Amino acid sequence: MFVELIATIVAGVAAAGLVMLLNRTLKGRLPRWFAPVAAGIAMLATTIANEYGWFPRIKDTLPEEVVIAQTVENTAFYRPWTYVFPFVERFVAIDLASVRTHPAQPAVRLAETYFFGRWSPVSKLPVVTDCVAFKRAALMDGVSFEADGVINGITWTHVPAEDPIISTICGTK
């Protein structure tokens, strides 16, 4: 966040500097308001580029076995261009290398799930999915596993068959 703020300020100063240099070359023919307007436009363009560039930049750094299951796009009235081109503000990724099953419960799978947000730290949460009953649960404290594969102390959430997290973990996506 701090680096993006510095980049935005530098873009504004650079744009204003270029306009002042151009004005000097043209011997003062440009209006005086042109430098601050150019700085503002450059700062706005830099901010927009950072917002739209965040998701592709993070996606390109993910390992091959980490698959994006779901994205959440953002629109806002104070950013009217987002109604035409919404940007990804957060997303859920599944580490397919971490998917585990139990021989007694082959339809139930456990996987590491990562939650990425534009201005928040990455959160990691183990998620259990039942690929047949279309339900999933986040593993919290107090959950125990029995030798026969039964999970105690879990609160299941029933989701539609096309749930992106279940379809990614179960391999139907």
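Below: a short report on this structure. Once a new chain begins, its residue numbering starts again from 1 and follows that chain's sequence as written. Per-residue local features are limited, in this predicted model, to residues with pLDDT of at least 70; the limit for side-chain atom pairs, both in listing and counting, is 80 or more; totals at the level of whole chains, interfaces and linings are taken over all residues. Water and hydrogen atoms play no part in the side-chain values, which are based on all heavy atoms of the structure.

1. With respect to the overall build of the protein
- Here a strand is any run of E in DSSP of at least two residues, a helix any run of H or I of at least four, and the numbering for each starts at the N terminus. In terms of regular secondary structure, the protein is built from three helices and eight strands.
- Starting at the N terminus, the α and β elements of the protein follow one another as α-α-β-β-β-β-β-β-β-β-α.
- For 173 residues, the compact-globule estimate of 2.2 N^0.38 gives 16 Å, and the protein exceeds it by more than 25% at 24 Å.
- Structurally, the protein occupies a C-alpha span of about 85 × 25 × 25 Å along its principal axes.
- The proportion of buried residues among the 173 residues of the protein is 36%. Radius of gyration means the value over C-alpha atoms here, while the globule rule gives 2.2 Å times the residue count to the 0.38 power. Residue burial is assigned from relative accessible area. The probe radius is 1.4 Å, only protein chains are included, and a residue is buried under 20% of its type maximum, exposed over 50%, and partly exposed in between.

2. Remarks on the packing of aromatic side chains
- Ring pairs shown here join Phe, Tyr and Trp side chains whose ring centres sit within 6.5 Å, with only the six-membered ring taken for Trp; geometry is labelled stacked below 30 degrees between planes, edge-to-face above 60, and tilted in between. Here the structure, examined in full by the defined rule, presents six aromatic pairs.
- A ring pair is formed by W33 and F34, whose centres lie 5.9 Å apart and whose planes are at 70 degrees; its orientation type is edge-to-face.
- Take F34: its relative accessible area is 32%, and that puts it in the partly exposed class.
- Consider the rings of Y52 and F87, whose centres lie 5.7 Å apart with planes at 65 degrees: the pair is edge-to-face. Placement of Y52 in helix α2 (residues 34-61) and of F87 in strand β2 (residues 87-102) is noted, with a sequence separation of 35 residues between them.
- With relative accessibility at 4%, the residue F87 sits in the buried group.
- An aromatic cluster is defined as three or more aromatic residues linked by ring pairs; in this entry it consists of W54, F55, F91 and F116.

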